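# What the coordinates show
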Amino acid sequence: MRLKLTGLVVLGVAMLASCERSGAEAAATPPTTPARVPTEATVPREARLSGIVEAVHSVRVVVPPLTGQNNRVTLTRLIGNGSRVEMGDTIAEFDPLEQMDAARTARGKQEDLEQQVQQKAAQNRADQEKRHSDLQAAQADLRKAQLEVSKAEILPDINKQQNDIRARQAQQHVESLKISQAHHDRSEEAALRILELQRDRQKVALERAQANIQNLLLKAPIAGMVAHSVQFRQGAVTHVQVGDQLTRGTGLVSIFDPSEMLVRCAVGEPDRVELKAGARATVYLDAYPDLALPAHFEAASPIATSALGTPIKTFTALFKLEKTDARLMPDLSAAVVLEIRK
């Protein structure tokens, strides 16, 4: 009995010491702060958009139309892709031989017709003078015949009748000359006018050929960088080359100002409300994954549109790049990551 009592005392002392030690350790250990759970207001949400790089200032240069021709020209010179040009620099040249031949032919015909016009005008003046002289002679004969008629009182009847006949014939001759002179004048004026019109037509043809020659030399309308236009030939994507025969309106190059670029994106209707003034974004180019450029929201279309046969509507949004890079070119595909905070 005594042994059992002693064992219980020892067990109680041990349990008391263990409790005191656990309390001291708990007092020595600092209380842990509960982790802060992120809320929806602090977690950034991103909207990823796809778009195409465009230049704010750009001009598309095409094969010039030629007046009065079949509009097929041969390219003889083209500026290199990626070149920088200033306003007025030569971009492309086309073979002007056909236009030079047309100009030379038109000039020769114009000079020949000019001489014919001068000769015809001189001939008309000479014929008019001759007809005027004939009319004056006929009028003199008429006055002479009228003078003979005035002597009828002292002349026999036979002479009187003869003088009357001569006077009527002289009068008819004068009237006939006046009528024929008017017709001759109109006829000669018409013939001269025909030659003048033919001469003017050759003058227009000469001016047209000279203008075509000038149009075959293309100059840069703005300063910037040159990008060759894409051509589709026999199912392959190519660029125009020197020696190609091209038709009017065919795209040659685009000249753009690389200092101001933007990305045109298609934004879904749910994300339209997130496009606010000053919204920040990061642009990644698919062709250069290591390139990231900052941008900001510029503008968006007010009305959503959808493609034919699909109910999905999108808005067009523009993001302006705040930095530029030498690798930036129009028509590059890009991804725009728009960070949205609640």
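I will try to describe carefully the structure that is included in this document. In this text the structure is predicted, and so the values were computed from the model without any measurement.

What follows deals with the pairing of strand S14 (residues 292–300). For strand S13 (residues 280–285) and S14, the ladder comprises five bridges, and the chain directions are antiparallel. Bridged to Thr 282 within S14 is Pro 294. What sits between the antiparallel neighbours S13 and S14 is a turn of six residues. Where S14 meets strand S16 (residues 313–321), five bridges bridge the pair, whose relative direction is antiparallel. Paired with His 296 across the strands is Lys 320, a residue of S16.

Scanning all chains against the criterion turns up one aromatic pair. Taken together, a centroid distance of 5.8 Å and an interplanar angle of 65° make the contact between Phe 297 and Phe 319 edge-to-face. One end of the pair, Phe 297, is in strand S14; the other, Phe 319, is in strand S16, with 22 residues separating them in the sequence. Taking relative accessible area as the criterion, Phe 297 reaches 11% and is therefore assigned buried.

A word on the pattern of salt bridges. With the rule as written, the count across this model stands at 13 salt bridges. Note that Asp 101 is salt-bridged to Arg 104, the shortest N-O span being 2.4 Å. Placement of both Asp 101 and Arg 104 in helix H2 (residues 97–149) is noted, with a separation of three residues, approximately one turn of the helix. In this structure, the salt-bridge partner of Arg 131 is Asp 185, at a minimum N-O distance of 2.8 Å. Taken together, the residues Arg 131 in helix H2 and Asp 185 in helix H3 (residues 157–215) connect sequence positions 54 residues apart. Salt bridges linked by common partners bring Glu 114, Arg 199 and Asp 200 together as one network.

What counts and what doesn't
- Residues numbered from 1 in each chain as written.
- Predicted model: local features only at pLDDT ≥ 70, side-chain atom pairs only at ≥ 80, totals over all residues.
- Heavy atoms only, no water.
- Pairing = 2+ DSSP bridges.
- Helix = DSSP H or I, 4+ residues; strand = E, 2+ residues; numbered from the N terminus.
- Phe/Tyr/Trp six-rings, centres within 6.5 Å; stacked < 30°, edge-to-face > 60°.
- Buried < 20%, exposed > 50% of the residue type's maximum accessible area, 1.4 Å probe, protein only.
- Salt bridge = Lys/Arg side-chain N within 4 Å of Asp/Glu carboxyl O.

That's the geometry; what it means functionally is another story.
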